Amino acid sequence: MNLTQIPSKGELASFIRSAFIPQEGYKFVGGDFSSCELRIIADQSKDPVWLEAYDRDEDLHSKLASLTFDIPIEDVKNPTPFKPDMTYRDVQKTINFGLAYGMSEYKLSKTIDVSVDVAKELIDKFFTQVPQVKNYLNNLGRFAIAHNFAVTPPPFKRRRYFEDPGSDFSKIGNIERAGKNHPIQGGNADLTKASLVLIRNYIIEHNIDVKIVNVIHDEIITECKNELAEEWKPIMESLMIQAAQIVIKNVPVKVDCKITEYW
């Protein structure tokens, strides 16, 4: 079953997820990294706007929307004139997360249903506010094209290799996008795997009645004896933060841990 396709919000999500339950006498304790891919971008690019937002625990999407659209931050949840069913913050959030996938103006135009020219203007305006993010992503793309592989951040430095594209511009474009994506999403995968190792080692070392039952992207679900749940929750959160800090050195890491009766 592809669990990433199961909705996470709304009435339908609650109905479907209520089918995923722990065994009797147990609860789920789940940990979910907060905006981890964006924190990797901030950490690796060292862009001062992004670093400041995370250091101050500000809402990154709102802060960047205010800068990109040159509007007061209190107006970022107003509808945009070019896409009235989306707020400025919604559009900015789409741009921010799209960076992790090497999104072009063509992809953005389809995603938010605007012309390619409008999409390009939005991306260009955004990058004028955060030039170090732009440089970081462009450097990743150029490196992948030059070497035919991309690398996740240290200390893991996990490589993804690409076939030589020759002079095929379409394949070169695909490598450039994947070259931007792999260090970000791959770095997220690295720290999630490190979390699993730390959690498993802790469970074995302390011989506690907890087991890892699922991993969905950067969300980890454990099944825990009822009476241990409150004690286990902060331990699990601490272990995940500890693992993330192996990769993310310059940005605070946040993990949302919850105790639930179903997924």
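What counts, and where the lines are drawn
The residue numbering used here restarts from 1 in each chain and proceeds along that chain's sequence as written. Local features in a predicted model are, by the rule used here, given only for residues with pLDDT of at least 70; side-chain atom pairs are given and counted only at 80 or more, and totals for whole chains, interfaces and linings are based on all residues. No hydrogens and no water enter the side-chain calculation; it runs on all heavy atoms of the structure. Counting from the N terminus, the helices are the DSSP runs of H or I reaching at least four residues and the strands are the DSSP runs of E reaching at least two. For this analysis, residues touch if any pair of their heavy atoms sits within 4.5 Å. Salt bridge, as used here, is a side-chain nitrogen of Lys or Arg placed within 4 Å of a carboxyl oxygen of Asp or Glu. Buried, partly exposed and exposed residues are distinguished by accessible area as a fraction of the type maximum, computed with a 1.4 Å probe on protein chains only: under 20%, between the cut-offs, and over 50%, respectively. Strands were regarded as paired on the criterion that DSSP finds at least two bridges between them. Every angle, taken between N-to-C directions, lies between 0 and 180 degrees, and every axis is a line fitted to C-alpha atoms, over only the stretch in contact when it is a helix. Along the arc lie the directions from the helix axis toward the C-beta atoms. By definition in this entry, angles of less than 35 degrees are roughly parallel, angles greater than 145 are roughly antiparallel, angles of 65 to 115 are roughly perpendicular, and the rest are oblique. Amino acids outside the nonpolar list (Ala, Val, Leu, Ile, Met, Phe, Trp, Tyr, Cys, Pro) and the charged list (Asp, Glu, Lys, Arg) are all regarded as polar, and Gly is one of them. Note on ring pairs: Phe, Tyr and Trp rings are taken, using the six-membered ring of Trp, and paired if centres are within 6.5 Å. Classes follow the plane angle, with under 30 degrees stacked, over 60 edge-to-face and the rest tilted. The rule for a charge over a ring is simple: NZ of Lys or CZ of Arg within 6 Å of the ring centre, and within 35 degrees of the ring normal. To estimate how far a helix should reach, multiply one less than its number of residues by 1.5 Å. What is meant by a nonpolar core is a set of buried Ala, Val, Leu, Ile, Met, Phe, Trp, Tyr and Cys residues, joined one to another through side-chain atoms within 4.5 Å.

Engineer: Could you give me a rundown of the side chain of Lys63, with the residues and numbers involved?
Structural biologist: Tracing the chain through its elements places Lys63 in helix α4 (residues 60-69). With sequence-adjacent residues up to four places away left out, Lys63 is seen in contact with Val49, Glu52, Ala53, Glu58 and Ile73.

Engineer: Help me get a handle on the pattern of salt bridges, residues and values and all.
Structural biologist: Scanning the entire structure with this criterion turns up eleven salt bridges. Of the charged contacts in the structure, one is a salt bridge between Lys27 and Glu261, with a shortest N-O distance of 3.6 Å. A residue pair is termed long-range when its members are at least 10 positions apart, and Lys27 in strand β1 (residues 26-33) and Glu261 in the segment after β6 (255-260) qualify at 234 residues. Salt-bridge contacts for Glu58 lead to Lys63; the nearest nitrogen and oxygen are separated by 3.0 Å. On the basis of relative accessibility, which here comes to 30%, the residue Glu58 falls in the partly exposed class. Since its relative accessible area comes to 14%, Lys63 is described here as buried. Several salt bridges share partner residues, and in doing so they unite Glu52, Arg56, Glu58 and Lys63 into one network.

Engineer: Mind laying out the sheet that holds β6, listing which residues take part and the relevant values?
Structural biologist: The strands making up a sheet are joined through hydrogen bonds of the backbone, oriented either antiparallel or parallel. The antiparallel open sheet is built from four strands, whose spatial order is β4-β5-β1-β6. Looking at which strands have only one partner, the edges of the open sheet turn out to be β4 (210-216) and β6. Adjacent strand axes in the sheet meet at a mean angle of 20°, parallel and antiparallel pairs treated alike. Sheet topology note: the β1/strand β5 (residues 219-225) ladder contains seven bridges and is antiparallel. Paired with Gly31 across the two strands is Ile220, which belongs to β5. Those strands touched by helix α10 (residues 229-244) are β1, β4, β5 and β6, and its axis lies near 25° from that of β1.

Engineer: Run through helix α6 (residues 105-112), naming residues and quoting values.
Structural biologist: Of all the residues in α6, the buried ones are Leu108, Ser109 and Ile112. Buried residues of α6 fall within an arc of 100° about the axis and therefore sit on the same side. With respect to the buried face of α6, the exposed residues turned more than 90 degrees away are Tyr106, Lys107 and Lys110. For α6, the elements touching its buried residues are α5 (88-99) and α7 (116-129). A positive backbone phi angle near 60° is found at Asp113, which sits one or two residues after α6.

Engineer: Explain the packing of helix α2 (residues 36-45) against helix α8 (residues 131-147) to me, and be specific about the residues and the numbers.
Structural biologist: It is at 9 Å that the axes of α2 and α8 come closest, and there the two elements cross at 95°. Regarding the angle of α2 to α8, the classification is roughly perpendicular. Residues Ile41, Gln44 and Ser45 of α2 form the contact with α8, whose own contacting residues are Gln132, Val133 and Tyr136. By residue class, the composition of the contact of α2 with α8 is three nonpolar, three polar and no charged.

Engineer: Explain the packing of aromatic side chains residue by residue, including any values.
Structural biologist: Evaluation of the coordinates by the stated rule reveals seven aromatic pairs. Centre to centre, the rings of Phe20 and Trp263 are 5.2 Å apart; their planes meet at 80°, and the pair counts as edge-to-face. With Phe20 in the loop between α1 (11-17) and β1 and Trp263 in the segment after β6, this pair connects stretches of sequence that are 243 residues apart. According to the relative accessible area criterion, Phe20 is partly exposed, its value standing at 22%. Owing to a relative accessible area of 11%, Trp263 belongs among the buried residues under this scheme. Seen from their ring centres, Phe126 and Phe127 are 5.2 Å apart, and the 50° between their planes marks the pair as tilted. Summarising the burial analysis for this pair, Phe126 and Phe127 share the class buried. Taken together through their ring pairs, the aromatic side chains of Phe69, Phe82 and Tyr88 make up a single cluster. The ring of Phe149 is capped by Arg159, whose NZ or CZ atom sits 4.1 Å from the centre of that ring.

Engineer: Residues and numbers for α7, please.
Structural biologist: One full turn of an α-helix is made of 3.6 residues, so residues set three or four places apart face in the same direction. Between the first and last C-alpha of α7 there are 20 Å, a value that for 14 residues agrees with the 20 Å anticipated at 1.5 Å per step. The complete set of buried residues in α7 reads Ala119, Leu122, Ile123, Phe126 and Phe127. The buried residues of α7 occupy an angular sector of 125° when projected down its axis, which confines them to one face. For α7, exposure combined with an orientation more than 90 degrees from the buried face picks out Asp117 and Thr128.

Engineer: Outline the nonpolar core, supporting the account with residue identities and numerical values.
Structural biologist: Judged by nonpolar contacts, the single largest core of 59 residues is most densely connected at Trp50 and Trp232. Considering every element that reaches this core, the biggest residue donor is α10, with eight residues. Those residues in contact with Trp50, other than ones at most four positions away along the chain, are Leu38, Ile41, Ala42, Leu60, Leu64, Asn96, Leu99, Phe126, Val130 and Val133. If you look at the next biggest cluster of nonpolar residues, it comprises six residues, including Leu3, Phe28, Ile216 and Trp263.

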